[in-house]
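Residue-level listing of the chains:
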Amino acid sequence: MSSVAVDNALALGGRRALERLLEVPEDQWFERKSARIAPKDLARPLVAFANAEGGVIAIGFSDGKIEGVIPKAINDIRQAAIDHMNPPVRMRVHELEADGVTIVLLDVAPGELVHETKAGDCYVRIGDESRKVSFRERQELEYDRGSIPFDGTPAPISELDDARVEEFRQLLGSSSAELALRARNLLTIDGSPTVASYLLFSDHPQTVYPNAYVRVVKYLGDKRGEGAGQMVEAGSDVRLEGPLPDQIDAAASEIDRLMPTRRALGADGKFANVPMIPRSAWLEGLVNAVTHRSYSLAGDHIRVEIFSNRIEIASPGRFPGVINVDDPLSIHRHARNPRIARVLADLDITQELGEGIRRIVQEMRRIGLADPIYEQGPNYVRLTLMASDALPAELSKDLPRSSKIILDAMRLAGQGLGTGELEKLTGLARPTVLRHLRSLQELGVVTWQGNSVNDPRASWNLA
């Protein structure tokens with residue numbers, strides 16, 4: 001994970017720091033650039049980082065080598081954020097020198113507004129790419145911008161847990177707790193803790209934000225029931241408080257304990273009891289809820305409800321802008337709480353690619369379950385993960401194992417595949433693949449698209 005690796009590299013100092021920065025992989029929060037880059041070309045990564053959760057651009061590396069930045073170019077680099085984008089990006093500039101070589105580090109803070117280049121192009125950092133966004137995607141970004149994100153505002157109480165902050169300082173390799181917090185924009189200009197730092201590092205943030213907790217409930221059947229008829233299982237209504245990392249750990253343990261199992265065909269060809277919903281899918285949903293919920297909304301909390309046939313995860317706050325909840329893969333990255341998101345990644349709780357919804361879809365498809373269902377109310381988003389097969393039961397129960405393997409490969413790919421691609425992915429012989437594809441086509445489960453039987457671009461798609 002580069003976010004922590006960059007901090008640890010800088011703590012080494014001297015030539016070792018430069019060599020370590022050369023090895024750190026580029027990702028959501030780190031990118032290397034050549035010293036020969038034109039200042040105007042820095043606008044794209046600077047805008048992308050500012051429109052996401054911030055990050056570091058290291059200038060002076062090229063083709064796997066340390067090249068350094070010449071002195072007369074450094075001032076132009078410092079001015080890039082002012083000269084080549086609107087509004088200017090907030091960043092700290094550091095010069096790291098060793099053996100007569102200077103590397104320039106641009107430490108970009110999360111933006112308070114949506115940033116664009118002078119040409120009017122808007123980018124956002126997703127994984128190791130600075131990706132240009134469409135007009136609609138830009139509207140989504142602007143939906144929650146226009147003021148400092150709530151997690152960057154001052155917390156009413158300044159008390160943090162010294163032991164937790166010290167662990168974080170050691171993780172980053174910072175020389176002081178203050179520098180560690182400032183490295184992640186967790187302090188205001190005057191040094192006061194932000195809402196993010198209080199939620200992450202105070203002993204009991206519910207003192208100030210009483211609804212900042214996760215509640216896990218298990219029901220006896222597939223309905224909640226009402227009043228005296230509520231179907232809550234005894235001892236299965238648990239409230240998890242404390243700082244956000246502790247909430248996630250505790251909630252995950254409770255869900256593990258309460259999750260029903262189902263009979264499923266394993267990789268060894270035998271049926272076994274497995275969790276009703278794959279852990280990787282519901283854990284991603286839980287982490288997304290804690291990371292991206294609206295902490296400014298009082299009166300509601302995150303609810304994880306476990307039924308006999310599904311799990312539902314509801315969190316306060318809406319998706320940004322106008323989105324199509326019927327198409328989960330069209331819901332684009334948006335960090336409502338950029339500081340919280342980055343620290344949870346530092347702590348290895350969230351992953352770095354920022355495509356959590358896509359991972360949930362892939363995990364559900366991988367084992368043949370129905371796609372996740374998102375719904376949005378006036379002040380909440382709910383994710384439902386069903387334990388039902390992606391195919392109707394009457395079809396699924398009679399499908400040969402090879403047909404199921406082919407369908408799993410197609411679901412996981414999420415796109416049309418040629419016969420040869422399916423042959424490689426499944427390990428099945430080509431005649432076997434074709435025979436099962438034609439059977440699935442007759443059942444209306446898959447479709448074939450191509451101009452002729454010899455069309456090299458022909459593909460099989462899920463119906």
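Right above here is the structure, for reference.
Residues numbered from 1 in each chain as written. Predicted model: local features only at pLDDT ≥ 70, side-chain atom pairs only at ≥ 80, totals over all residues. Heavy atoms only, no water.

A. Inspection of the packing of helix H15 (residues 419-426) against helix H16 (residues 430-442) at higher detail. Running from N to C, H15 and H16 point in directions that differ by 110°, and their axes come no closer than 9 Å. In this view, H15 runs roughly perpendicular relative to H16, as classed from their interaxial angle. Where H15 crosses over H16, the two elements pack in a sense that is right-handed. Contacts between H15 and H16 involve Thr 419, Gly 420, Leu 422, Glu 423 and Thr 426 from the former and Arg 430, Val 433, Leu 434 and Leu 437 from the latter. Considering only residue class, the contact of H15 with H16 consists of four nonpolar, three polar and two charged. (Axes fitted to C-alpha atoms, helices over the stretch in contact; angles between N-to-C directions. Helix = DSSP H or I, 4+ residues; strand = E, 2+ residues; numbered from the N terminus. Parallel < 35°, antiparallel > 145°, perpendicular 65-115°, else oblique. Left-handed = near helix turned anticlockwise from the far one by under 90°. Contact = heavy atoms within 4.5 Å. Nonpolar A, V, L, I, M, F, W, Y, C, P; charged D, E, K, R; others polar.)

B. The arrangement of the pattern of salt bridges in detail. One pass over the structure, following the stated rule, counts 34 salt bridges. Note that Arg 184 is salt-bridged to Asp 346, the shortest N-O span being 2.6 Å. With Arg 184 in the loop between helix H7 (177-183) and helix H8 (195-201) and Asp 346 in helix H11 (residues 338-346), this residue pair connects regions lying 162 residues apart in the sequence. Connected through salt bridges with shared partners, the residues Arg 224, Glu 305, Arg 310, Glu 312, Glu 375 and Arg 382 form a single ionic network. (Salt bridge = Lys/Arg side-chain N within 4 Å of Asp/Glu carboxyl O.)

C. View of helix H4 (residues 71-83). Along its 13 residues, H4 runs 19 Å from first to last C-alpha, staying within 8% of the 18 Å computed at 1.5 Å per residue. Those residues of H4 not exposed but buried are Ala 73, Ile 74, Ile 77, Ala 80 and Ala 81. Check the buried side of H4 and you find it contacts helix H3 (43-50), strand S2 (55-59), strand S5 (85-86), strand S6 (91-98) and strand S7 (101-108). (Expected span 1.5 Å × (residues − 1). Buried < 20%, exposed > 50% of the residue type's maximum accessible area, 1.4 Å probe, protein only.)

D. Highlighting the sheet that holds strand S12 (residues 232-240). Strands sit in the order S12-S11-S15-S16-S18-S17 across an open sheet of six strands; the sheet is mixed. Whereas interior strands pair on both sides, the edge strands pair on one side only; in this sheet they are S12 and strand S17 (373-376). Averaged over all neighbouring strand pairs, the angle between strand axes comes to 15°, with direction disregarded. Here S17 runs beside strand S18 (residues 380-386); their pairing, made up of four bridges, is antiparallel. Among the inter-strand pairings, Glu 375 is bridged to a residue of S18, identified as Arg 382. Contacting strand S11 (214-219), strand S15 (302-306), strand S16 (310-316) and S18, helix H10 (residues 279-292) crosses the sheet at an angle of about 10° to S16. The sheet contacts of helix H12 (residues 356-366) involve S17 and S18, and relative to S18 the element is tilted by about 20°. (Pairing = 2+ DSSP bridges.)

E. Structural context of the packing of helix H9 (residues 244-258) against H10. Remark: H9 packs on H10, axes separated minimally by 11 Å, with the N-to-C direction vectors making an angle of 150°. Between H9 and H10, the angle is such that the two are roughly antiparallel. Here the hand of the crossing between H9 and H10 comes out right-handed. On the side of H9, the interface is formed by Leu 244, Ile 248, Ala 251, Ala 252, Ile 255 and Asp 256, while H10 contributes Arg 279, Trp 282, Leu 283, Leu 286, Val 287 and Val 290.

F. Structural context of the sheet that holds strand S1 (residues 30-33). Ordered in space as S1-S2-S7-S6, the four strands form an open sheet in which the pairing is mixed. Edge positions in the sheet fall to S1 and S6, since each of these pairs with one other strand and no more. For this sheet, the mean inter-axis angle between neighbouring strands, taken without regard to orientation, is 20°. Pairing geometry for S2 and S7, over five bridges, is antiparallel.

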